[in-house]
Amino acid sequence: VQLVESGGGLVQPGGSLRLSCAASGFTFSRYDMSWYRQAPGKERVLVAAITSAGGSTNYADSVKGRFIISRDNAKNTVYLQMNSLKPEDTAVYYCNARFLVIRYWGQGTQVTVSS
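All values derive from a computational prediction rather than experimental measurement. (Residues numbered from 1 in each chain as written. Predicted model: local features only at pLDDT ≥ 70, side-chain atom pairs only at ≥ 80, totals over all residues. Heavy atoms only, no water.)

A. Spotlight on the sheet that holds strand S8 (residues 77-82). Spatial strand order, S1-S3-S8-S7: four strands in an open sheet with antiparallel pairing. In the strand order of this sheet, the two ends are held by strand S1 (2-6) and strand S7 (67-72), each with one partner. In this sheet, adjacent strand axes meet at a mean angle of 15° when their direction is disregarded. As paired strands, S7 and S8 are joined by six bridges and run antiparallel to one another. (Pairing = 2+ DSSP bridges. Helix = DSSP H or I, 4+ residues; strand = E, 2+ residues; numbered from the N terminus. Axes fitted to C-alpha atoms, helices over the stretch in contact; angles between N-to-C directions.)

Set out below in structure tokens:
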């Protein structure tokens, strides 16, 4: 099982980034997918989630209206489009797959928002 995140980096406030998480080794289309983030010295928190078929999404209040989660089950990939980025969005972003009690995590990708 692998979840490989990509697309992180350094961006100025107000900028955009698109994170990708490529999945392998399990039946991706059965799993609900989420993005979490963890800032230095803080707990890992949920940012956005999408159901297995993509029919429902939910977002943390802090990112509503700025971030969009989506998935392509044909490509076994989940995305996080991040717009209007703020310095407080700086964190390591993790991809998560969940099916019943089974959970998988990626290794994380760093996002830094700074001028």
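Here the narrative resumes, following the displayed structure.
B. Molecular detail of the layout of surface pockets. Volume-wise, the largest pocket comes out at about 160 Å³. Taken together, Arg37, Gln38, Ala39, Lys42, Glu43, Val45, Pro87, Glu88, Thr90 and Ala91 form the lining of the largest pocket. In the lining of the largest pocket, the residues fall into four nonpolar, two polar and four charged. (1 Å grid on protein atoms, 1.4 Å probe; cavity = no way out; pocket = protein on both sides within 12 Å on 5 of 7 lines; lining within 4 Å. Points joined across faces, edges and corners; volume = space filled by probe spheres on them. Nonpolar A, V, L, I, M, F, W, Y, C, P; charged D, E, K, R; others polar.)

C. Structural detail: the packing of aromatic side chains. The full count for this structure, using the stated rule, is six aromatic pairs. Taking 6.5 Å as the distance between ring centres and 50° as the angle between the ring planes, the aromatic pair formed by Phe26 and Phe28 counts as tilted. According to the relative accessible area criterion, Phe26 is buried, its value standing at 13%. Judged by relative accessible area, which is 1%, Phe28 ranks as buried. For the ring pair Tyr31 and Tyr104, a centre distance of 5.8 Å and an interplane angle of 25° mean the geometry is stacked. Residue Tyr31 is located in the loop between strand S3 (17-24) and strand S4 (32-38), and its partner Tyr104 is located in strand S10 (residues 102-105); the two are separated by 73 residues in the primary sequence. Tyr31 gets classed as buried once you look at its relative accessible area, which sits at 6%. (Phe/Tyr/Trp six-rings, centres within 6.5 Å; stacked < 30°, edge-to-face > 60°. Buried < 20%, exposed > 50% of the residue type's maximum accessible area, 1.4 Å probe, protein only.)

D. Expanded view of the pattern of salt bridges. Tallied over the full model, the rule gives four salt bridges. Asp32 is paired through a salt bridge with Arg98; the nearest N and O atoms lie 3.3 Å apart. With Asp32 in strand S4 and Arg98 in strand S9 (residues 91-99), this pair connects stretches of sequence that are 66 residues apart. Its relative accessible area of 36% is what places Arg98 among the partly exposed residues. The closest approach of N and O atoms between Lys64 and Asp61, which form a salt bridge, is 3.1 Å. Asp61 sits in the exposed class, given a relative accessible area of 66%. Residues joined in a network through salt bridges with shared partners are Arg37, Arg66 and Asp89. (Salt bridge = Lys/Arg side-chain N within 4 Å of Asp/Glu carboxyl O.)

E. Summary view of the state of the cysteines. As enumerated under the stated definition, the model contains one disulfide in all. A sulfur-sulfur distance of 2.1 Å marks the disulfide that ties Cys21 to Cys95. Where Cys21 bonds to Cys95 through sulfur, the torsion about that S-S bond is close to -80°, and the disulfide is left-handed. Residue Cys21 is found in strand S3, and its partner Cys95 is found in strand S9; the two are separated by 74 residues along the sequence. By relative accessible area, Cys21 is classed as buried at 0%. The buried category is assigned to Cys95, whose relative accessible area is 0%. (Disulfide = S-S within 2.5 Å.)

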